[in-house]
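Residues per chain, in single letters:
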Amino acid sequence: MYHNNSIRILAGNSHPELAQAVAERLNVPLVPVTVKKFSNGETSVKISESVRDEDVFIIQSGCGDVNDNFMELLILISACKTASARRITAVIPCFPYARMDKKDKSRAPITAKLVANMLVVAGCDHVITMDLHASQIQGFFDIPVDNLWSEPLMISYIKRNIPGWENGIVVSPDAGGAKRATAMADKLGIEFALTHRKREGKAETAPERMEILVGDVKDKVVILVDDMIDTGTTLSLAARTLNENGARSVHALISHGLLSETSMSAIDSLSIERLVVTNTIPQKQHQELCSKLVTIDISPTIAESIRRTHNGESISLLFGEWAETSSVAVI
């Protein structure tokens, strides 16, 4: 059993607001860390407090400049390792390269496995992440991985903020997310539908359309569930298809709002009520450009998982009574 004063939280440059919120919730100050670049682009790290024999948690998300941020994380892990930290946990709310988890065509790299190897080689003892794109990524590691879920927060949000959800239907935009959507539909006690995206022709540039494979959305409140939004193409296709099929309203709930190539004004013009994402990735700049964007705060879940890891308590209990009794903070 670790004692309370040995939690040490470090943060890279990827998401300082989340790290600060987690530290405040645990009532633990962030360890002063200077992460900057040399003039030739190399990353320099300086940890200003001792971490010898401490339980170290390094918070760094896979967002923004992903490669630079990941390199920062590796160097911070390595610095703590050589500074004799007792245990090093990488807290990675949005796991980088998670979409490259299989060899889907000839000569394609399985980069998520490479990321796992690099974390272990740097000296990481434990990983905490959230809503992995594919849960088998946990098997790429030979160290413990805790994959936290945003699902309980999403369910609380639905019950409190979506009028008429009882007459709703949970929709997955592709077969890959079917398991996630059916689990949520079961917990809410409502129906489930599945859409499929396909090209109208064989050419790469052929226009795409969506069709509903399973379920009927007519006159229903549609809750569209996915793990990641990047360009927003899937969301716009799905919104159009669902409305054409008679949906009463469409609410999109997506864990990781990368929104890297998305025109935020285009999302405002979509026929959806709200786009709900979590703050695994900083959303401040997106919220200023889009009135429909709502951000759910995941810092309580991450803080509680850090506390439980440190005290040797069960993490799975996080998704039982604790999740149901905790309130959802919308930023």
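Procedures and definitions
Residues numbered from 1 in each chain as written. Predicted model: local features only at pLDDT ≥ 70, side-chain atom pairs only at ≥ 80, totals over all residues. Heavy atoms only, no water. Helix = DSSP H or I, 4+ residues; strand = E, 2+ residues; numbered from the N terminus. Rg over C-alpha atoms; globule rule 2.2 N^0.38 Å. Buried < 20%, exposed > 50% of the residue type's maximum accessible area, 1.4 Å probe, protein only. Contact = heavy atoms within 4.5 Å. Lys, Arg positive; Asp, Glu negative; His and termini not counted. Charge placed at Lys NZ, Arg CZ, Asp CG, Glu CD. Pairing = 2+ DSSP bridges. Right-handed = clockwise from strand over helix to strand, strands pointing away. Core = buried A, V, L, I, M, F, W, Y, C linked by side-chain atoms within 4.5 Å. UniProt positions renumbered as here; feature names shortened; annotations may be inferred. Axes fitted to C-alpha atoms, helices over the stretch in contact; angles between N-to-C directions. Parallel < 35°, antiparallel > 145°, perpendicular 65-115°, else oblique. Left-handed = near helix turned anticlockwise from the far one by under 90°.

In this section: the overall build of the chain. Secondary structure summary: the chain contains 10 helices and 14 strands in total. Computed over the C-alpha atoms, the radius of gyration of the chain is 21 Å, within 12% of the 20 Å expected from 2.2 N^0.38 for a compact globule of 331 residues. Principal-axis analysis of the C-alpha atoms places the extent of the chain at approximately 60 × 45 × 35 Å. By the burial criterion, 53% of the 331 residues in the chain qualify as buried. A separation threshold of at least 6 residues defines the contact pool for the chain, and within that pool the share at least 24 residues apart is 62%. Here the chain contributes 34 positively and 40 negatively charged side chains, and the mean placements of these two sets differ by 2 Å.

With that settled, consider the pairing of strand 13 (residues 274-278). Within strand 13, 4 of the 5 residues are buried, which leaves the element mostly enclosed by the surrounding structure. Here 5 bridges tie strand 12 (residues 249-257) to strand 13, and the two strands are oriented parallel to one another. By the bridge assignment, His256 is partnered in strand 13 with Thr278. As a crossover connection, the stretch from strand 12 through helix 7 (residues 264-269) into strand 13 is right-handed.

Right, let's get into the nonpolar core. Val22, Ile158, Ile162, Leu188, Leu253, Ile302 and Ile306 are the most contacted members of the largest nonpolar core, which totals 42 residues. With sequence-adjacent residues up to four places away left out, Val22 is seen in contact with Ile9, Ile59, Ser299, Ile302, Ala303 and Ile306. Ranked by size, the runner-up nonpolar core spans 30 residues in total, among them Ile58, Leu76, Cys80 and Phe141.

So, on to the UniProt feature "domain: Ribose-phosphate pyrophosphokinase N-terminal" (unreviewed entry) in the chain. Mapped onto the present numbering, the UniProt feature "domain: Ribose-phosphate pyrophosphokinase N-terminal" (unreviewed entry) falls at residues 7-123. The straight-line gap between the two end C-alpha atoms of residues 7-123 is 18 Å; of that span, 34% is helix and 22% is strand.

To continue, consider the packing of helix 4 (residues 151-161) against helix 5 (residues 178-188). At a closest axis distance of 11 Å, the pairing of helix 4 and helix 5 adopts a crossing angle of 50°. As the angle between them shows, helix 4 and helix 5 are arranged oblique. When you trace helix 4 past helix 5, the crossing you get is right-handed. From helix 4, Glu151, Met154, Ile155, Ile158 and Lys159 reach across to helix 5, where they touch Arg180, Ala183, Met184, Lys187 and Leu188.

Time to look at the pairing of strand 9 (residues 191-199). Where strand 8 (residues 168-172) meets strand 9, 4 bridges bridge the pair, whose relative direction is parallel. The partner of Ser172 across the bridge, within strand 9, is Leu194. As paired strands, strand 9 and strand 10 (residues 208-214) are joined by 6 bridges and run antiparallel to one another. Following the sheet pairing, Lys198 is matched in strand 10 by Arg209.

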